[in-house]
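# Geometric and topological summary
What follows is each chain in one-letter form.
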Amino acid sequence: MTVSVYVPFLVTVVLAVVAPRLARRFAPRPAAWALAGGALVTALGWLGSLALLAFTGLAQIPEVAEEGRWSVTALRADDPVYLTVSALATVTLLASLTGLAVAAVRQIRHLLWARRECARLPGDLELAVLDDASPHAFALPGAPGRIVVSHGMLRCLGDAEREALLAHERAHLRGRHHLFQTAWRLTAAACPLLRPLAETGGFVLERWADEEAATRLGDRTVVARAVGRAALASAKAPTRASLAATGGAVPQRVRALLAPPPPRRALPLVAGAALLAMSCASLAEAASDSEHMIEGAQFAACVTSLRDTGLQVPPPEHGPCGHPPHDHDGPDRHDR
């Protein structure tokens, strides 16, 4: 478990540095799925490795060892963890779980708010036009969700641009982009190193909706013009915590729409999947090693208990302590 328990940490750092740069160059739809899946797997690996490091250190506390009926001496000899390493892992794990819980509550409140707003909007159609001079256009997730556009925004756009704007917001609802946002916010709360993925994810979702709108209209220039004009019109309007055509880095989005559609590249996605698979395999190996360590410590405690009572220790195959755990390649050490 010397290296395996730390591999998920390394994968997290690599993903946080490399993934945001690559995602902006790919086709937005597969990029969004790759970012969401990578963030979820990496966050689980982050929490799992922290839990293993914290448990291995806490298991050496005499009171904990007494409850678990294992030998602290044997455990320390097999895989000692310095107090500072265990304490740091424990504090980080508690902070990650607290941040995850707070973010989950906020996301639930936001989704409930969106559903209430959908119910309060006038009419029962997908599109709700507000009698508001301020330029607004956004999508509210719900069952099935609503598109909200103000008269102020409609007056800023031509007919083709209005159609492009509505196609963009429909793409947000049809793709259930709020679920992607939820995944990124939760993983970033659990592991702050993943915040760049959440920021890039918002841009990728807007690009996804842009490409869907361009495909529907068959004119990328119209969509680029609609995005630019809508962003300029709403520049002074208050921002809303919803999916909107004016979100993300607008100049980059317009530049991408004026260029040919981005190509689909499979090699980087395969490499990322292999990296995540290595993280999962390393975490599973570390968990297996921890289990063997505990079994060895329990066996040692049982043997010590029999010797302390003056009884002769029978062969392992027939004794009350059962079979000793199989040795692997020698004792592993977390902090070497």
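Since the model is a prediction, treat every value here as computed from it, not as a measurement. (Residues numbered from 1 in each chain as written. Predicted model: local features only at pLDDT ≥ 70, side-chain atom pairs only at ≥ 80, totals over all residues. Heavy atoms only, no water.)

## Regarding unusual backbone geometry
Threshold: The helix count covers DSSP runs of H or I at least four residues long, the strand count covers runs of E at least two residues long, and both are numbered beginning at the N terminus.
Positioned with a positive phi, Arg176 is a non-glycine residue whose angle comes to about 50°. Counting through the fold element by element, Arg176 comes out in the loop between α7 (159–174) and α8 (177–190).

## Structural notes on the pattern of salt bridges
Quick note on the threshold: Any carboxyl oxygen of Asp or Glu within 4 Å of a side-chain nitrogen of Lys or Arg constitutes a salt bridge here. Partly exposed residues are those whose accessible area sits between 20% and 50% of the maximum for their type, while under 20% is buried and over 50% is exposed, using a 1.4 Å probe and protein chains only.
Under the criterion given, the structure shown has 10 salt bridges. The salt bridge partner of Arg225 is Glu161, with a shortest N-O separation of 2.7 Å. Remark: Glu161 occurs in helix α7 and Arg225 occurs in helix α10 (residues 220–233); sequence separation between them is 64 residues. For Arg225, a relative accessible area of 36% corresponds to the partly exposed category. Of the charged contacts, one joins Glu211 and Arg220 as a salt bridge, the two residues approaching to 2.8 Å between their closest N and O atoms.

## Considering the sheet that holds strand β1 (residues 127–130)
Short version of the rule: Any two strands between which DSSP finds at least two bridges are classified as paired. In this analysis, axes come from line fits to C-alpha atoms, helices being fitted only over the stretch in contact, and the angle between any two N-to-C directions falls in the range 0 to 180 degrees.
Read across the sheet, 3 strands follow the order β1-β3-β2 without closing on themselves; strand pairing throughout is mixed. The strands lining the two open edges of the sheet, one partner per strand, are β1 and β2 (137–140). For this sheet, the mean angle separating the axes of adjacent strands, direction not counted, is 20°. Two strands pair when backbone bridges link them, and β1 and strand β3 (residues 146–150) are joined in this way by 4 bridges, in the parallel orientation. Bridge pairing links Ala128 to Val148 in β3.

## What about the packing of helix α1 (residues 7–23) against helix α2 (residues 28–58)?
Where we set the bar: Angular relationships are summarised with four words: roughly parallel below 35 degrees, roughly antiparallel beyond 145, roughly perpendicular across 65 to 115, and oblique for the angles in between. For a crossing to be left-handed, the near helix must be turned anticlockwise from the far one by less than a right angle; the clockwise case is right-handed. Contacts between residues were defined by any pair of non-hydrogen atoms, one from each residue, lying within 4.5 Å. As a working rule, the residues Ala, Val, Leu, Ile, Met, Phe, Trp, Tyr, Cys and Pro are called nonpolar, Asp, Glu, Lys and Arg charged, and the rest polar, with Gly in that last group.
Remark: α1 packs on α2, axes separated minimally by 9 Å, with the N-to-C direction vectors making an angle of 160°. Classified by the angle between their axes, α1 and α2 sit roughly antiparallel to one another. Considering only the axes of α1 and α2, their crossing is left-handed. Of the residues in α2, those in contact with Pro8, Phe9, Thr12, Leu15, Ala19 and Ala23 of α1 are Ala31, Leu35, Gly38, Ala39, Thr42, Gly45, Trp46, Ser49, Leu50 and Leu53. Considered class by class, the residues forming the contact of α1 with α2 number 11 nonpolar, 5 polar and no charged.

## Notes on the packing of α1 against helix α9 (residues 195–217)
With their axes 9 Å apart at the nearest point, α1 and α9 run at an angle of 10° to one another. The pairing of α1 with α9 is recorded here as roughly parallel in orientation. Contacts between α1 and α9 involve Leu15, Ala16, Ala19, Pro20 and Ala23 from the first element and Pro196, Leu197, Thr200 and Val204 from the second. Grouping the amino acids of the contact of α1 with α9 by side-chain chemistry returns 8 nonpolar, 1 polar and no charged.

## Here we look at α9
Note the following rule: To estimate the expected span of a helix, subtract one from its residue number and multiply by 1.5 Å.
Helix length check: α9 (23 residues) gives 34 Å between terminal C-alpha atoms against 33 Å at 1.5 Å per residue, within 8%. Two residues or fewer past α9, Gly218 is found with a positive phi of approximately 75°.

## A few points about the pairing of β2
The side chains of a regular strand alternate, first on one face of the sheet and then on the other. Of the two faces of β2, both are covered, the one formed by Ala137 and Ala139 as well as the one formed by Phe138 and Leu140. Here β2 pairs with β3 via 4 bridges, running antiparallel. Bridged to Ala137 within β3 is Val149.

## Description of the nonpolar core
A general trend in soluble globular proteins is that nonpolar side chains are found buried together. Here is the rule: For the purposes of this section, nonpolar cores are sets of buried Ala, Val, Leu, Ile, Met, Phe, Trp, Tyr and Cys residues that join through side-chain atoms within 4.5 Å.
By size, the foremost hydrophobic cluster in this structure holds 31 residues, and its most contacted members are Ala32, Leu35, Phe180, Trp184 and Leu197. Those elements that provide at least two residues to this core are α1, α2, α5 (83–120), α8, α9 and α12 (267–308). Considering every element that reaches this core, the biggest residue donor is α2, with 12 residues. If sequence neighbours within four positions are ignored, Leu35 has contacts with Ala19, Ala23, Trp184, Leu197, Thr200, Gly201 and Val204. Counting residues in each nonpolar core, the second largest holds 13 residues, with Ala167, Ala214, Val222 and Val250 among its members.

## Considering a nonpolar patch on the surface
Put simply, the test is: Surface patches are drawn from residues lacking salt bridges whose relative accessible area is over 30%; two like charges belong together within 9 Å, two nonpolar side chains (Val, Leu, Ile, Met, Phe, Trp, Tyr) within 5 Å. The method behind every accessible area is Shrake-Rupley, applied with a 1.4 Å probe, and residues are considered shielded solely by the protein chains displayed.
Taken together, the side chains of Leu10, Val13, Val14, Val17, Val18, Leu22 and Leu193 make up a nonpolar region of the molecular surface, amounting to roughly 520 Å² of accessible area. As for its placement among the helices and strands, Leu10 is situated in helix α1. Leu10 sits in the exposed class, given a relative accessible area of 54%.

## Remarks on the packing of aromatic side chains
Applied cut-off: In this scheme Phe, Tyr and Trp rings, the latter by its six-membered ring, pair at centre separations within 6.5 Å, and the angle between planes marks the pair as stacked below 30 degrees, edge-to-face above 60, and tilted otherwise.
Evaluated as defined, the whole model comprises 5 aromatic pairs. Note on Tyr6 and Phe9: the rings are 6.3 Å apart at their centroids and 50° apart in plane angle, and the pair reads as tilted. Residue Tyr6 is classed as partly exposed on the basis of its relative accessible area, which comes to 27%. Looking at Phe9, the relative accessible area reads 16%, which means it is buried. Here Phe180 and Trp208 contribute two aromatic rings whose centre-to-centre distance is 5.5 Å and whose plane-to-plane angle is 80°, an arrangement assigned as edge-to-face. Of the two residues, Phe180 is situated in helix α8 and Trp208 in helix α9; the sequence distance between them amounts to 28 residues. Each member of the pair, Phe180 together with Trp208, is buried.

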